[in-house]
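Here are the chains, one letter per residue:
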Amino acid sequence: MSFLGMLRSMALNHVERFMKRLAPVLGERITRDPELLASVAGDESGLAPQLPAAAVWPQNRDEVVEVAKEAADLGMGLIPRGAGSGKSGAVIPGGHEVVVDLSKMNRILELRPQDLYAIVEPGVITEVLDQSASEEGFMYPPDPASKSYSTLGGNIATNAGGPRAVKYGVTHRYVWGIEMVLPGGDVFRTGRHSIKGVAGYDLTSLFVGSEGTLGFITQATLHIVPAPKAVETAFLSFPDALSASKGAEAVFTKGYLPSTMELLDHESLEAVRAVSPFRIPEDIGAALLVESDGAAEVAQQDLYRMCEIAGDSGASDCVVARNEKERQTMRRARQLVSSSLKEKFPLKISDDIAVPRSQMAVLMEYAQAEALKEEITFAAYGHIGDGNLHVNLLCDVDDLPKAQGMRIKLMQKAVRMQGTVSGEHGIGIHKRDMLSIEQSQELIDLQKRLKKVFDPQGLMNPNKVF
Ligand SMILES: Cc1cc2nc3c(=O)[nH]c(=O)nc-3n(C[C@H](O)[C@H](O)[C@H](O)COP(=O)(O)OP(=O)(O)OC[C@H]3O[C@@H](n4cnc5c(N)ncnc54)[C@H](O)[C@@H]3O)c2cc1C
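Given the structure is predicted, the values throughout are model-derived calculations rather than measurements.

Describe the pairing of strand β8 (residues 175–181), and please don't skip the residues or the numbers.
Burial of β8 is extensive: seven of the seven residues sit out of reach of the surface. Summarising the sheet, β8 and strand β10 (residues 216–223) pair through six bridges and their orientation is antiparallel. Bridge pairing links Ile178 to Ala220 in β10. Relative to strand β9 (residues 187–191), β8 is paired through five bridges, and the arrangement is antiparallel. Following the sheet pairing, Gly177 is matched in β9 by Gly191.

Put into structure tokens, the structure is as follows:
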């Protein structure tokens, strides 16, 4: 037998032993059935899915501990998985790992508005926590556009943002503590249940955005806040994306802080027009979805003032939602952009570069010039209020090399402008080769050394991020 053949048969042997040892604990929730494996083989990155060696669906912390123990003993790689809505390929197996799907650990264990926190298992759907909090007059602010299916564990592991981040910040602000299971089965609790707490290193924050490379998040204490009394929404039309960027900038410069400020450029509007429940005005080149929240009168006054400022900066029209139903139709128009573009174009390569907010117009101009030069169609939409632009290159498979070149140029430009290669989706494998655009080799090596402390055998989500 060849050396490679020997390695393969050893790996196979390990999977069989892993299955045998855990079957008594997990029953039907451990499998090698190809159909079930296919359900956990990919994500929303557009990258090719790959079957793992096995998959497990633990129902509680102790089962995760058992999985982590056996995997360490047999030297098997482990991939934590939430809903698989990630856009960086971070849950795509290399082929030999075990996917640990945490979606069945989906209980809200405690909701304590009086202490401003909730304790949750990692598989709770983001929107479910927000809705439960809202029944008490509270809210969980992080609201990725995928919130109706993404999990809180996935949100923490990617440090997810969303439309409300412009005012409320991203996930890390709301994680007070976690329970983690490390490969080998050790369990640690970090953080606190109080608003303040500075004892020791902030290991909670280290786990936020770690993309499953350090250990499993099996519980989290999340901060909830009183819900605003009112939310007001407007849809503003502009002749083009550049003037929309300048309109957005003017609002901030004048001292206003919207609770949402989202951009839809011309290509995005054209893609979503047919399916949008909100009637997109004809002949517009770009739009901003703007929201303001707070006490009823203040939210309304602020929204009108923001519309006026945008009008002075080039907005041609402003439609203000008259009720909750109209507000939802406007939001839906924004939420449907990604799927509409996916349906319209054979290939949609999505990136999420971010720059200091006031630099958005400069970034937009650069992207437009590059796309023109390379003859690539592109759509820009997303969280313009955070300086976070979803640049989507829309092309045929033949154009892939050109598109990859343009991706790199855009990321280099964002970093030169003091921004980042990824504002919210993470590195995974989609941007693994681009991390060095932003970070020095020394900094990358320091992070690898840190990973070794938590995961000395290199079992957690192997070959992701670095
Ligand atoms: C239409 C659409 C809109 C989106 N909009 C946004 C947006 O507005 N903002 C935004 O930030 N993202 C957005 N995303 C991306 C995605 O939804 C987020 O990254 C989300 O946080 C992923 O959650 P998930 O449960 O699907 O995690 P998964 O995709 O399953 O996993 C993501 C990462 O988290 C790790 N992980 C998952 N659970 C755990 C756990 N319990 N312990 C340790 N590691 C874990 C995985 O290993 C992986 O590295 C969008 C995606 C889509 C498809």
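Alright, that's what it looks like, and here's the rest.
For helix α14 (residues 400–416), give the residues involved together with the corresponding values.
Here α14 is 17 residues long and its end C-alpha atoms lie 24 Å apart, about the 24 Å a rise of 1.5 Å per residue gives. Among the residues making up α14, those that are buried are Ala403, Met406, Arg407, Leu410, Met411, Lys413 and Ala414. The buried residues of α14 all sit within an arc of 160 degrees when viewed along its axis, so they share a single face. Exposed side of α14, more than 90 degrees from the buried face: Pro401 and Arg416 are the residues found there. Tucked into the core, α14 has its buried residues touching β16 (347–351), α13 (360–374), β18 (390–395) and α15 (435–438).

Explain the sheet that holds β9 to me, using residue names and the numbers behind them.
Strand order in this open sheet of five strands is β5-β6-β10-β8-β9, and the pairing throughout is antiparallel. Unpaired on one side and paired on the other, β5 (108–112) and β9 mark the two borders of the sheet. Going across the sheet, the axis of each strand differs from the next one's by a mean of 10 degrees, ignoring polarity. With respect to the sheet, helix α3 (residues 61–74) is in contact with β8, β9 and β10, its orientation differing from that of β8 by roughly 50 degrees.

Which residues make up the sheet that holds strand β15 (residues 317–320), and what values do they have?
Ordered in space as β15-β12-β14-β13-β17-β18-β16, the seven strands form an open sheet in which the pairing is antiparallel. The outermost strands of the open sheet, each flanked by one partner alone, are β15 and β16. For this sheet, the mean inter-axis angle between neighbouring strands, taken without regard to orientation, is 20 degrees. Looking at chain direction, strand β12 (residues 230–238) and strand β14 (residues 286–294) are connected through nine bridges and run antiparallel. What sits directly across from Ser237, in β14, is Ala287. Packing against the sheet, helix α8 (residues 241–253) makes contact with β12, β13 (260–265) and β14, and its axis sits at approximately 170 degrees to β13. With respect to the sheet, helix α11 (residues 324–335) is in contact with β12, β13, β14, β15, β17 (377–382) and β18, its orientation differing from that of β12 by roughly 50 degrees.

Break down the site of the ligand for me, citing the residues and quoting the values.
Near the ligand you find 36 residues, and of these Pro80, Gly82, Ser85, Ser146 and Thr151 are the closest. Between the ligand and the protein, one listed contact pairs an oxygen atom with a backbone N or O atom of Ala83 at 2.9 Å. Glu211 places a polar main-chain atom, nitrogen or oxygen, 3.0 Å from an oxygen atom of the ligand. Considered on its own, the ligand offers 980 Å² of accessible surface; in the complex 96% of this is hidden by protein. Those elements that place two or more of their residues in the shell around the ligand are β3 (78–81), α5 (152–158) and β10. For the shell around the ligand, the per-class residue count stands at 13 nonpolar, 18 polar and five charged.

Mind laying out the packing of aromatic side chains, listing which residues take part and the relevant values?
The description of an aromatic ring pair uses the distance of the two centres, along with the angle that the planes make with each other. Per the stated rule, a full pass over the model turns up four aromatic pairs. Plain terms: the ring middles of Tyr117 and Trp176 are 6.1 Å apart, the flat faces sit at 55 degrees to each other, and that makes the pair tilted. Of the two residues, Tyr117 sits in strand β6 (residues 117–120) while Trp176 sits in strand β8, which places them 59 residues apart along the sequence. Residue Tyr117 shares its accessibility class with Trp176, and that shared class is buried. With centroids separated by 5.8 Å and ring planes inclined at 65 degrees, the aromatic side chains of Phe207 and Phe454 adopt a geometry described as edge-to-face. Of this pair, Phe207 sits in helix α7 (residues 203–207) while Phe454 sits in helix α16 (residues 441–454), and the two are 247 residues apart along the sequence. Just as Phe207 is buried, Phe454 falls in that class too. Seen from the ring of Phe252, Arg357 lies directly overhead, with NZ or CZ sitting 3.7 Å from the centre.

For the pattern of salt bridges, give the residues involved together with the corresponding values.
Enumeration according to the criterion identifies 29 salt bridges in this entry. As a salt-bridge pair, Glu121 and Arg107 come within 2.8 Å of each other at their nearest N and O atoms. One end of the pair, Glu121, is in the loop between β6 and α4 (126–134); the other, Arg107, is in the loop between β4 (98–101) and β5, and 14 residues separate them in sequence. The class for Glu121 is buried, based on a relative accessible area of 5%. Since its relative accessible area comes to 48%, Arg107 is described here as partly exposed. Between Asp130 and Arg164 there is a salt bridge; the shortest N-O distance is 3.2 Å. Of the two residues, Asp130 sits in helix α4 while Arg164 sits in the loop between α5 and α6 (165–168), which places them 34 residues apart along the sequence. Residues Asp130 and Arg164 agree in their burial class; the two are buried. Several salt bridges share partner residues, and in doing so they unite Arg61, Asp62, Glu179 and Arg189 into one network.

Scoring rules and cut-offs
- Residues numbered from 1 in each chain as written.
- Predicted model: local features only at pLDDT ≥ 70, side-chain atom pairs only at ≥ 80, totals over all residues.
- Heavy atoms only, no water.
- Buried < 20%, exposed > 50% of the residue type's maximum accessible area, 1.4 Å probe, protein only.
- Helix = DSSP H or I, 4+ residues; strand = E, 2+ residues; numbered from the N terminus.
- Pairing = 2+ DSSP bridges.
- Expected span 1.5 Å × (residues − 1).
- Arc of directions from axis to C-beta.
- Contact = heavy atoms within 4.5 Å.
- Axes fitted to C-alpha atoms, helices over the stretch in contact; angles between N-to-C directions.
- Near = heavy atom within 4 Å.
- Polar contact = N/O pair within 3.5 Å; in protein donor to acceptor, adjacent residues only side chain to side chain.
- Areas by Shrake-Rupley, 256 points an atom, 1.4 Å probe, with all protein chains shown as cover.
- Nonpolar A, V, L, I, M, F, W, Y, C, P; charged D, E, K, R; others polar.
- Phe/Tyr/Trp six-rings, centres within 6.5 Å; stacked < 30°, edge-to-face > 60°.
- Lys NZ or Arg CZ within 6 Å of the ring centre and 35° of its normal.
- Salt bridge = Lys/Arg side-chain N within 4 Å of Asp/Glu carboxyl O.

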